[in-house]
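This is what each chain is made of:
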Amino acid sequence: MKHLLSAADLDLDAATLVLDTATEMAAMASREVKKLPTLRGRTVVNLFYEDSTRTRISFETAAKRLSADVINFSAKGSSVEKGESLKDTALTLQAMGIDGVVIRHPASGAPNTLSQWVDGSILNAGDGTHEHPTQALLDAYTMRSRLGQLKGLRVAIVGDVLHSRVARSNVLLLRTLGAEVTLVGPPTLVPVGVEDWPATVSYDLDSVLPGTDAVMMLRVQRERMGQAYFPSAREYSRRYGLDNRRVKLLPEHAIIMHPGPMIRGMEIAPEVADSPRSTIVEQVANGVSVRMACLYLLLGGK
Ligand code: ASP
């Protein structure tokens, strides 16, 4: 495989290989010297046209632990602000002989387009409302390490499904891995055509929670909302927020996930986010191992 553009690029064997490789990478993180020479002499560019904290730092850490040279490019302060198109930026990268490009872009499909213009491997780090495959991989990794096997696992993805690339990639990957997904949210935030997704839909969170092994809360993406999708923040959290009362409806072993950044008090109560059942910080740590695995498998020539 050359690029990672969509979670659908991975079949069961490929997805399992990424997760197994990530397990090996994680074992290395506990060593004193956290660096592998694998990508020495390779150059990876982080091309970020949209804000990011976790994902950019995570990819940078991952590439550096594999000894790659990393160049960080953010649209602010670059020629993009002068109106340079994605194509011209791509041609510049191509001329410089870049081996891998990690791209985040507000337009769905931008990583796909980029892959036609440069020879290096393209890794989608989030494109518009479309996909965020490495997030889905780190989520699957977290579920596997906490709950064992993914086959038959019951996962609820809750909230702003409509604007969520995290939800889309998770649904695709979890189906491949054999998990059962239920999407929960207000009807206005569930996409049209969802009946074609390999998932069940519910509008009632309380009734879903007792049959859930992992509940994944999504951020309400106000920056992508041109209109009002729900009456008020209070009403939203009353119906779809995860608070202590709702946590009691979950089975004892169930874990609580969030991709971040979270809006405390809106989709998740602060005490729930900080509880021992929450894997939010673990997800961030796992993100580095999973991205190391992706870079290694795509650029390491395996
Ligand atoms: N960090 C994730 C993303 O970039 C989720 C979010 O922004 O809410 O898609």
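Here the residue index of a chain counts from 1 through its sequence in written order. Two thresholds apply to this predicted model, a pLDDT of at least 70 for residue-level local features and 80 or more for giving and counting side-chain atom pairs, whereas whole-chain, interface and lining totals are computed over all residues. As a convention, hydrogens and water are excluded, and side-chain values are obtained from all of the structure's heavy atoms.

Caption draft 1: Quick look at the environment of Ile 57. Numbered from the N terminus, helices here are DSSP runs of H or I no shorter than four residues, and strands are runs of E no shorter than two. Relative to the assigned elements, Ile 57 resides in helix H2 (residues 54–65). Spatially, the C-alpha atom of Ile 57 lies 9.8 Å from that of Asn 72, the residues being 15 residues apart in sequence.

Caption draft 2: Spotlight on the pairing of strand E3 (residues 100–105). Where burial is concerned, most of E3 is hidden: 6 out of the 6 residues are buried. Two strands qualify as a pair provided that DSSP identifies no fewer than 2 bridges between them. The pairing of strand E1 (residues 43–48) with E3 spans 5 bridges and is parallel. The partner of Val 45 across the bridge, within E3, is Val 101. In this sheet, strand E4 (residues 121–127) lies alongside E3 in parallel orientation, the contact comprising 5 bridges. Each residue of the ladder has a partner; that of Val 102, found in E4, is Leu 123. Regarding the hand of the β-α-β motif, the stretch spanning E3, helix H4 (residues 110–115) and E4 is right-handed. Burial here depends on accessible area, computed with a 1.4 Å probe over protein chains only, as a share of the maximum for the residue type. Under 20% is buried, over 50% is exposed, and the range in between is partly exposed. Think of it like this: strands point away, you trace from the first strand over the helix to the second, and a clockwise trace means the crossover is right-handed.

Caption draft 3: Fine view of the sheet that holds E3. Within the open sheet, the 4 strands sit side by side as E2-E1-E3-E4. Their pairing is parallel. One side of each edge strand has no neighbouring strand; the edge strands of this open sheet are strand E2 (69–74) and E4. Pairwise comparison of adjacent strand axes, ignoring direction, gives a mean angle of 15° for this sheet. Pairs of residues are marked as contacts when any of their non-hydrogen atoms sit within 4.5 Å. An axis is simply a line fitted to the C-alpha atoms; with a helix, the fit covers only the stretch in contact. Between two such axes, the angle follows the N-to-C directions and lies from 0 to 180 degrees. Along the sheet face, helix H3 (residues 86–95) touches E1, E2 and E3 and points at about 165° away from the line of E1.

Caption draft 4: Expanded view of the sheet that holds strand E8 (residues 214–217). Reading across from one edge, E7-E6-E5-E8-E9 is the order of the 5 strands in this open sheet, with parallel pairing throughout. Every interior strand has two partners, whereas the edge strands, strand E7 (200–202) and strand E9 (255–257), have only one. Averaged over neighbouring strand pairs, the angle between their axes works out to 20° when direction is ignored. Here helix H6 (residues 165–176) sits on the sheet in contact with strand E5 (154–158), strand E6 (180–184) and E8, set at roughly 165° to E5.

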